[in-house]
Structures are given as structure tokens and as C-alpha cells.
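Here is how the chains run, residue by residue.
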Protein chains: 2
Amino acid sequence: MARTAPPRVLLVEDEPAQRAVLAYNLEAEGFDVIQADNGEDALLLVSEEAPDIIILDWMMPKLSGIEVCRRLKMRPETRGIPIIMLSARAEEVDKIRGLETGADDYVVKPYSVLELMARARAQLRRVRPSTAGVVLEHEDIRLDPESHRVFRGEKSLKLGPTEFKLLVTLLERPGRVFSREQLLDLVWGRDIYVDTRTVDVHVGRLRKSLMQHGGSDPVRTVRGAGYALG
Amino acid sequence: MARTAPPRVLLVEDEPAQRAVLAYNLEAEGFDVIQADNGEDALLLVSEEAPDIIILDWMMPKLSGIEVCRRLKMRPETRGIPIIMLSARAEEVDKIRGLETGADDYVVKPYSVLELMARARAQLRRVRPSTAGVVLEHEDIRLDPESHRVFRGEKSLKLGPTEFKLLVTLLERPGRVFSREQLLDLVWGRDIYVDTRTVDVHVGRLRKSLMQHGGSDPVRTVRGAGYALG
DNA sequence: TTCATTTGTTACATAATCGTCGCAGGACTG
DNA sequence: CAGTCCTGCGACGATTATGTAACAAATGAA
């Protein structure tokens, strides 16, 4: 995957253990991680480090995440930076929303790290034309998220909605093996109950769609583990 | 979400109450906890249970933590396991340091449980990069956990699920000898009953797979003890 | 050497996993 | 409203992996 400079994320969380876990995972995903354990430092670091995205815990000593969020969204030079808020309970999300802090997304603890990653990437794609306009590519497969179009070589392909999301997910990390459970999380959403075998069916459909004009099977089955691209 | 095996921590602390608190918290964090209340048991359990990390109290009857630490760091097969020493007062840390016991980190009582967790995780990340992004390597064998791919030199290898997990385990600590029981624990899971001889068969299969394109046998048999890589 | 023990290897029955098909229900469209 | 598309599920067969037993080879001790 051709990359520009790695995206910089400012991670604001006062609980050291949680921060460490997240930082570790974010770094493993190729993010440049800047850390802060309170709101005041966070505000300083935003100007100093110019992060591309902010992950912000709600509950923090001194300045709460809500307050930090509000202030950042007021300043014109920082209001474009997407903010993902972490909150401890689902009801709190409504509260935060009600306060109109302007956060771009909310994740409820305990969250799946994969989900948080996916949302962070989604936000980045949204605001960062370098990533947003860029088509996802792998070998001869091209996918333009904007126009919702998929090509294999020169031929245009027709995919169903689920096939499309599935391909986007796989395309975001070519080579990486996703378990059926992970794919259910990322493509279907965590709270939906569907049988894991359903993933198989859709992978099969995606395969057929990708090969409708010929070509080899780009999806790799890893027995006992899951699926990957290439 | 598919997990790798949970990290195993050997907790050595003679004071029951403190040990209970720590064990509880470690388990809540997803560690697999093995407990000992004296240094002798600790030394035994290290070989039997193959922990990923050791948390060691300084003051203990019989063998002190310092002595245990020194002995573990002398044996080549255990010296890679990170040790965190607990000591009662700050001045003692200097003393321990002066003794050059080789502990990897020190935490002063009374410590914050959260801090101890964070340090434990930090140590694990340091020595056990298996979880993300990092490629496990030993001599000409390369294994990428993320893409589930294995190479010997330039050639790609095809392994079955069990062979793969077995290789991951061995690769996480090249040179270390694992007993058949340990391998059953780590590869098959703690509560599965299978004959220990099954390990032999799978080691044989792994050998064949690793040598399918030629090359020498990288798995060493230690008669009466188990298997190791290199 | 000879013997007992441990380990390597093969074969085979069983079990688990995977790909695919068809169907019924739902959503959406014209 | 009819028609089309999509979805999730159950079922079936084909493939692959697994565990065990049996036997061969090796190792080490006496």
C-alpha cells in the first residue's frame, strides 16, 4: 500500500494501562502516536504536534474530554480535526451528544480495539483528501470509496452492499488475515447477531463477483483462521 | 475476536493477601496467573509452566527474590523471561540494582496496581512482539502472524493450523526447550485432553513441512525433556 | 553387546472446516 | 403491486486436519 506520511493520532486518556494498550495497537496499525494523560496537555499538544485525529477519553481529571472537545471545535484552526470520544457507558453517549460537543464519533467502553481502529481510519478517510480521494488498490483490484465503484483490471465490477464493505475491509489491510468474528464486527457491526458461517457465503459471493470477468481468486482462505487478500 | 494465548504470569509473593489482590487484578486484565509463595516453588514452576513474565517479591522466606532472579538470569533457557521485582522501600531498589540481579524492572511498594499492570504489559511487549505487525524470525525461518505466512529462506511454506501454532510457540522463544506438557498447554489449550505423544506426531509434521523445500531440521529434540528450536 | 526406554513415522478412522447451492423472507423499485 | 435484488441460513459433499495406535528406529545405560 502506497502511503504518505503516517497519520498522527493524539491519544488522550488518563488511565495509564488503557492508554498503553491503545497506543500499542495504534502504533501497530501504523499510526504515529502522541500521548497525553490530561486535557490541558492535550490542548497544548494539539497546537504543537498538529495531529490528524484525536482520540479523547471522556472522564479525565482537570479538563474533561467534553471540555477539550468543545474548545477544539471552537478554534477554527483545529475544528477540522476529527475527534473520537471514548465513554464508559452507552447512555453517556447520548449525554455527550446532547451537549453538542461536536465530536465526530463515539465509542463505548469496553470497545473492540479493531472497531476503534476502523472508526479512526474512517474518520481519517473522511477529512483527509490524501486518503479520502485515494482509491484502495491491491494488485489488479481498484476500489473507489467515493464513487462506490470497483474495477478488476479495466473491467468494472458489480458488487452487492455487503460484498462491497467486505472488500473495503480486506482492502484496507491486504495480506492481513481476518477471522470471521472480526469481519462480522467490521462489516456487519458488533451488535448484530448473524452466524459466522454467513461470512463464508459472502466471501464466496465476493469471490464470484471478483472473478466474473475471469482472473484468479484474490481471496486467500486460511484454514482455522479466516480470510485475507493476497 | 480470535486471541493468541493469554500471557502467563508467574506471581511470587509470600504474603497471601497481597498475592490475592494482585492475582485478582492480573486475571481481570486477561493474564493467566500462576502463583507461588516462595522462591523454591517459583524456580520449579518456571520450568513447568513456562510463564511469559515473572513478578517477584524481594523479601521472601527461604530463597529471596534476589536469589531467584539471579538464578533465572543465569540459565540460558529462562533468562529471556522478563522479571519485575517488588520491593518495600525506594532505597531498596538501589540496593537491588547494585546487586545486579538482572531484573528488568522494579516497582516500589506500596505500588499502584495499575502501574504494575502497565509495566508488566510493557515488558511483555518488549519481549513478545507476537501480537501485531512484527515478524517472528529464527535463522532462515520467518513467520508473520498477521498474514499467517511462513517462509523458509525465500520459499513460502504451507502449514496446518496446529503446525502453525506450534511453530509460533517455538519461535517466540528460540532455543528454549518446551516439554510436551507445556506445548499441549500452549498450543492446544489448558483444558483439552490429548495424549502427550500427539505432540510428537505434530512435531514430526512440522519438521516435514519446514523441510519440504530442503534444508536442515531446525527442531531440536531434547531426550527426556522436550523440543526446542535451534 | 543387550536391553529398556524414548522418539520418529506411517496409516487410518474420525472429526472439523470450507465451498456451494437453493430457498424463504425482506427491502426496494418501477 | 409485481418484479428484482439482497440477505441469512441450513444442508450437503468434498477436502483437509486431527488424534491414536502400531511399529520401526534411535538412544542411553548396564
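Residues numbered from 1 in each chain as written. Chains lettered and ligands numbered in written order. Predicted model: local features only at pLDDT ≥ 70, side-chain atom pairs only at ≥ 80, totals over all residues. Heavy atoms only, no water.

Description of the confidence of the model for chain A
Here's step 1: Model confidence for chain A is summarised by a mean pLDDT of 80, while 83% of its residues fall at 70 or above.
Here's step 2: Confidence drops under a pLDDT of 50 for residues 129–133 of chain A, and excluding neighbours within four residues, the segment shows seven contacts in the predicted structure. (pLDDT = per-residue confidence, 0-100. Contact = heavy atoms within 4.5 Å.)

Some words on the sheet that holds strand 4 (residues 83–87) of chain A
Residue and element names in this part refer to chain A.
Here's step 1: The strand order 2-1-3-4-5 describes an open sheet built from five strands, whose pairing is parallel. Where the open sheet ends on each side, the last strands, each with one partner, are strand 2 (32–36) and strand 5 (105–108). Neighbour to neighbour, the strand axes of the sheet diverge by 20° on average, direction disregarded.
Here's step 2: Relative to the sheet, helix 1 (residues 16–28) contacts strand 1 (8–12), strand 2, strand 3 (53–57) and strand 4, its axis offset from that of strand 2 by approximately 165°.
Here's step 3: Helix-sheet contacts for helix 3 (residues 65–74) involve strand 3 and strand 4, and the interaxial angle to strand 4 is about 165°. (Pairing = 2+ DSSP bridges. Helix = DSSP H or I, 4+ residues; strand = E, 2+ residues; numbered from the N terminus. Axes fitted to C-alpha atoms, helices over the stretch in contact; angles between N-to-C directions.)

Some remarks on the protein's contact with DNA strand D
Here's step 1: Lining the immediate surroundings of DNA strand D are 22 residues, of which A:Thr162, A:Thr198, A:Arg205, B:Thr162 and B:Arg205 lie closest.
Here's step 2: At the protein interface, 72% of the atoms of DNA strand D within 4 Å belong to sugar or phosphate.
Here's step 3: Within the side chain of B:Trp188, a nitrogen or oxygen atom sits 3.0 Å from a phosphate oxygen of DNA strand D.
Here's step 4: At a separation of 2.7 Å, a base oxygen of DNA strand D approaches a polar side-chain atom of B:Arg205.
Here's step 5: Put simply, the parts of the chain that give the surface near DNA strand D at least two residues each are helix 7 (161–172) and helix 9 (197–210) of chain A together with helix 6 (161–172) and helix 8 (197–210) of chain B.
Here's step 6: Residues belonging to the surface near DNA strand D are distributed by class as follows: eight nonpolar, six polar and eight charged. (Near = heavy atom within 4 Å. Polar contact = N/O pair within 3.5 Å; in protein donor to acceptor, adjacent residues only side chain to side chain. Nonpolar A, V, L, I, M, F, W, Y, C, P; charged D, E, K, R; others polar.)

Considerations on the packing of helix 8 (residues 180–188) of chain A against helix 9 of chain A
Residue and element names in this part refer to chain A.
Here's step 1: In contact at an axis separation of 9 Å, helix 8 and helix 9 are set at 70° when each is read in the N-to-C sense. The angle between the axes of helix 8 and helix 9 places the two elements in the roughly perpendicular class. Of helix 9, the residues touching helix 8 (which contributes Arg180, Leu183, Leu184 and Trp188) are Thr198, Val199, Asp200 and His202.
Here's step 2: Here the contact of helix 8 with helix 9 is built from residues that sort into four nonpolar, two polar and two charged. (Parallel < 35°, antiparallel > 145°, perpendicular 65-115°, else oblique.)

Here we look at the pattern of salt bridges
All names here are of chain B.
Here's step 1: Within this structure, the stated rule accounts for 14 salt bridges over all chains.
Here's step 2: The salt bridge partner of arginine 70 is glutamate 67, with a shortest N-O separation of 3.6 Å. Residue arginine 70 and its partner glutamate 67 are both found in helix 3 (residues 65–74); the two are separated by three residues, about one turn of the helix.
Here's step 3: Here glutamate 67 falls in the partly exposed class, since its relative accessible area comes to 25%. (Salt bridge = Lys/Arg side-chain N within 4 Å of Asp/Glu carboxyl O. Buried < 20%, exposed > 50% of the residue type's maximum accessible area, 1.4 Å probe, protein only.)

Concerning the sheet that holds strand 7 (residues 141–144) of chain A
Paired through backbone hydrogen bonds, the strands of a sheet run either parallel or antiparallel to each other.
All names here are of chain A.
Here's step 1: Taken in spatial order, the four strands of this open sheet run 6-7-8-9, and their pairing is antiparallel. Each of the sheet's edge strands pairs with one partner strand only, and the pair in question is strand 6 (136–138) and strand 9 (155–157). Across this sheet, the average inter-strand angle for adjacent strands is 20°, counted without regard to direction.
Here's step 2: Where strand 7 lies against strand 8 (residues 149–152), four bridges are found, and the strand directions are antiparallel. If you follow aspartate 144 over to strand 8, its bridge partner there is arginine 149.
Here's step 3: Sitting on the sheet, helix 7 is in contact with strand 6, strand 7 and strand 8, with an inclination near 110° to strand 7.

Remarks on the packing of helix 7 of chain A against helix 8 of chain A
Residue and element names in this part refer to chain A.
Here's step 1: The contact between helix 7 and helix 8 brings their axes to 9 Å, and the two run at 115°. Crossing of helix 7 over helix 8 shows right-handed handedness. Between helix 7, through Thr162, Lys165, Leu166, Thr169 and Leu170, and helix 8, the contact on the second element is made entirely by Leu183, Leu186, Val187 and Trp188.
Here's step 2: By residue class, the composition of the contact of helix 7 with helix 8 is six nonpolar, two polar and one charged. (Left-handed = near helix turned anticlockwise from the far one by under 90°.)

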